[in-house]
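# A structural walkthrough
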Amino acid sequence: MTTVPIDVDLYSDTVTKPTAAMRRFMCDAEVGDEQKGEDPTVNALQARVAELLGKEAAVFLPSGTMCNEIAMRVHCRPGDEMIAHRTAHPIHFESGGPAALAGVNVRAIDGPRGQFDAAAVEEAIRPENRYFPRSRLVWVEQTSNLGGGSVWPRERVEQIAAVARRHGLRTHLDGARVMNAVIATGVSAASWAAPFDSAWIDFTKGLGAPVGAALAGSRDFITEAWRLKQQMGGAMRQAGIIAAGALWALTHHVERLADDHANARRLARGLAVLPGVKLDPDEVETNIVIFDVTGPLAAPAVVARLLERGVRMGALGPRTVRAVTHLDVDTAGIDRALDAARTVLR
Ligand SMILES: *Cc1c(COP(=O)(O)O)cnc(C)c1O
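Analysis parameters
Chains are numbered independently. Their residues run from 1 in the order of the written sequence. Two thresholds apply to this predicted model, a pLDDT of at least 70 for residue-level local features and 80 or more for giving and counting side-chain atom pairs, whereas whole-chain, interface and lining totals are computed over all residues. As a rule here, side-chain values cover all heavy atoms of the structure and leave hydrogens and water aside. A strand pair is defined by DSSP finding two or more bridges across the two strands. Segments assigned H or I by DSSP are reported as helices when at least four residues long, segments assigned E as strands when at least two residues long, and all are numbered from the N terminus. Axes, fitted as lines to C-alpha atoms, cover a helix only where it is in contact. Angles between the N-to-C directions of the axes lie from 0 to 180 degrees. Contact definition: two residues touch when any of their heavy atoms are within 4.5 Å. Between the first and last residue of a helix there are one fewer steps than residues, each counted as 1.5 Å, and that sum is the expected span. Exposure categories follow from relative accessible area, calculated using a 1.4 Å probe and restricted to protein chains: below 20% of the type maximum is buried, above 50% is exposed, and the middle band is partly exposed. Both cavities and pockets are sets of points on a 1 Å grid over the protein atoms alone; in a cavity a 1.4 Å probe fits but cannot get out, in a pocket the set is open with protein on both sides within 12 Å along at least five of seven lines, and lining residues sit with an atom within 4 Å of a point. Grid points are joined across faces, edges and corners, and a volume is the space filled by probe spheres set on the points. Each residue is assigned to one of three groups, with Ala, Val, Leu, Ile, Met, Phe, Trp, Tyr, Cys and Pro labelled nonpolar, Asp, Glu, Lys and Arg labelled charged, and all others, Gly among them, labelled polar. Domain ranges listed in this record stem from an automatic or a database domain assignment. Two N or O atoms form a polar contact when they lie within 3.5 Å of each other; inside protein one atom must be a possible hydrogen donor and the other a possible acceptor, and for residues adjacent in sequence the pair counts only when both atoms belong to side chains. Here a Phe, Tyr or Trp ring, Trp counted by its six-membered ring, pairs with any other such ring whose centre lies within 6.5 Å, and the pair is stacked when the planes are under 30 degrees apart, edge-to-face when over 60, and tilted otherwise. In this text, near means that some heavy atom of the residue lies within 4 Å of the molecule or strand in question. Note on areas: these come from Shrake-Rupley sampling with a 1.4 Å probe, and a residue is covered only by the protein chains present in the view. Put plainly, a molecule is in a cavity or pocket when over half of its atoms are within 2 Å of the grid points there.

With mixed pairing, 7 strands are arranged side by side in an open sheet as E2-E8-E7-E6-E5-E3-E4. On the outer flanks of this sheet lie strand E2 (57–61) and strand E4 (105–109), each paired with one strand and no other. Going across the sheet, the axis of each strand differs from the next one's by a mean of 20 degrees, ignoring polarity. Note: strand E5 (residues 135–141) against strand E6 (residues 170–174), 5 bridges, orientation parallel. Along E6, the bridge assignment pairs Glu141 with Asp174. Taken strand by strand, helix H2 (residues 40–52) contacts E2, strand E7 (198–202) and strand E8 (213–217), and its axis lies near 130 degrees from that of E2. Sheet strands touched by helix H3 (residues 64–75): E2, strand E3 (81–85), E5, E6, E7 and E8. Its angle to E6, the strand with the most contacts, is close to 180 degrees.

Attention shifts here to helix H11 (residues 240–252). Taking 1.5 Å as the rise per residue, H11 with 13 residues should run 18 Å; its terminal C-alpha atoms sit 18 Å apart, in good agreement. By the criterion of burial, H11 is predominantly enclosed, with 10 of the 13 residues buried. For H11, the set of buried residues is Gly240, Ile242, Ala243, Ala244, Gly245, Ala246, Leu247, Trp248, Ala249 and Leu250. Residues of H11 that are buried sit in contact with helix H1 (20–27), H2, E2 and E7.

A word on unusual backbone geometry. Residue Thr143 is bonded to the preceding Gln142 through a cis peptide linkage, with omega at -10 degrees. Within the secondary structure, Thr143 is located in the loop between E5 and helix H7 (154–166). The phi dihedral of Arg113 falls on the positive side, at around 55 degrees, and the residue is not glycine. Following the sequence through the fold, Arg113 ends up in the loop between E4 and helix H6 (118–124).

This part takes up empty space enclosed by the protein. For the structure on display, the rule yields 2 cavities of 30 Å³ or more. Roughly 50 Å³ of volume is contained in the largest cavity. The set of elements that each furnish at least two residues to the lining of the largest cavity consists of helix H8 (178–185) and E7. At 3 residues, H8 tops the list of elements feeding residues into the lining of the largest cavity. Class assignment for the residues of the lining of the largest cavity results in 6 nonpolar, 3 polar and 3 charged.

Moving on, we get to the layout of surface pockets. Considered as a void within the structure, the largest pocket measures approximately 460 Å³ in volume. Arg113, Leu146, Gly147, Gly148 and Ile290 are, among the 23 residues lining the largest pocket, the residues nearest its centre. With 5 residues, strand E10 (residues 288–293) is the single largest residue contributor to the lining of the largest pocket. Grouping the amino acids of the lining of the largest pocket by side-chain chemistry returns 9 nonpolar, 8 polar and 6 charged. Residues lining the lining of the largest pocket come from more than one domain, with at least three contributed by each of domain 1 (8–15 + 256–345) and domain 2 (31–252). Estimated volume of the second largest pocket: approximately 300 Å³. His89, Phe93, Asn145, Arg177 and Lys205 are, among the 22 residues lining the second largest pocket, the residues nearest its centre. Elements with a contribution of two residues or more to the lining of the second largest pocket: H3 and E7. Here the lining of the second largest pocket takes 3 residues from H3, the largest share from any one element.

This paragraph deals with the environment of Ser144. As for its position among the elements, Ser144 is in the loop between E5 and H7. As for Ser144 and Ala194, which are separated by 50 residues in sequence, their C-alpha atoms are 18 Å apart. Look past the residues within four positions of Ser144 in its chain and what remains in contact with it is Thr87, Arg113, Gly114, Gly149, Ser150 and Trp152. A polar contact of 2.9 Å, which involves the side chain of Ser144, links it to the backbone nitrogen of Gly147.

Glancing now at the packing of aromatic side chains. In total, this model carries 3 aromatic pairs according to the counting rule given. Judged by centre distance (5.2 Å) and plane angle (45 degrees), the rings of Phe25 and Trp248 are tilted. With Phe25 in helix H1 and Trp248 in helix H11, this residue pair connects regions lying 223 residues apart in the sequence. With a centroid separation of 5.0 Å and an interplanar angle of 80 degrees, the aromatic rings of Phe116 and Trp152 are classed as edge-to-face. Here Phe116 is found in the loop between E4 and H6, whereas its partner Trp152 is found in the loop between E5 and H7, with 36 residues between them in sequence.

So, about the site of the ligand. Around the ligand, the structure places 14 residues, and the nearest of them are Gly64, Thr65, Asp174, Asp202 and Lys205. One of the side-chain nitrogen or oxygen atoms of Asp174 is found 2.6 Å away from a nitrogen atom of the ligand. Contacts to the ligand include Asp202, whose side-chain N or O atom sits 2.7 Å from an oxygen atom. Alone, the ligand offers 380 Å² of accessible surface; in the complex the protein occludes 86% of this. Judged by the proximity of its atoms to the pocket grid, the ligand belongs to the second largest pocket. Among the secondary structure elements, those contributing two or more residues to the shell around the ligand are H3 and E7. Sorting elements by how many residues they give to the shell around the ligand places H3 first, with 3 residues.

Right, dumping it as structure tokens:
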């Protein structure tokens, strides 16, 4: 088998390369010693994210995973329990971090499209009893990655946070793709983050920057987060070089997420009519398309055959495929991906 170069890469929105303009901006960034608080570009980014998310302070971190793990450690003591959807990122993709780093017991709860509701949280919160782990934290992923990029409705999020507060629990927003929710709904990032004690955004997903994420919360929360950033080796030096990419992305790559959403819908509509594809295009709200294949080929085979035609998607399970749109895929690319899918699935 000859390997074909990847023409349309829908594997993830993390595959984007920094644009020429972003690289130039990064090149010219003013820098200093970040961990001493002396990098003006990092400081500007942190101030901007704090304002964007409506929190007192923010800290720049090397990755979204570190935002999650640090937040968990600030909110919880070892043995505490956090309530999260069974598809939540830390359960599957953080290398056992909740157990290894935070010592947190994860109570995984269910619900359609990566979401649960306030009643499910209420039911999962444990009464005070020395046999039980102490319920401490409620975790929401906006948008839900494995839920197909679904946007948690505002009311649902507020009800969940109200239940958590009533029981004295903390709340955390994994906002890896919260800017996609902002563009899909017109609701501001600060409004999405408001019900939560901590929230973060990733610069390396749809925003298209090469490195980094920023975690926001109260001043006290961020002071603690900084201690753990230092402890976990996440404190950097002239990090303004990479923070500049994030600043550029916040200015230039947010509104355009609407193009990714339109491309995802176009892809979903084209896929949904193919034989053996189980997909409701109306459920595609943002930049993630998850579908099942029910025909003779299982998902890994479908993905392998697409790859032979220069189209990369990911197999999430034996019958489940994920495709993600981003700034390096245009509408013509979506149409080429659909051509390939037609050939493979016919
Ligand atoms: C990608 C992702 C993360 C982790 O972010 P990294 O920057 O890749 O470490 C966390 N949560 C969700 C929902 C994600 O999609």
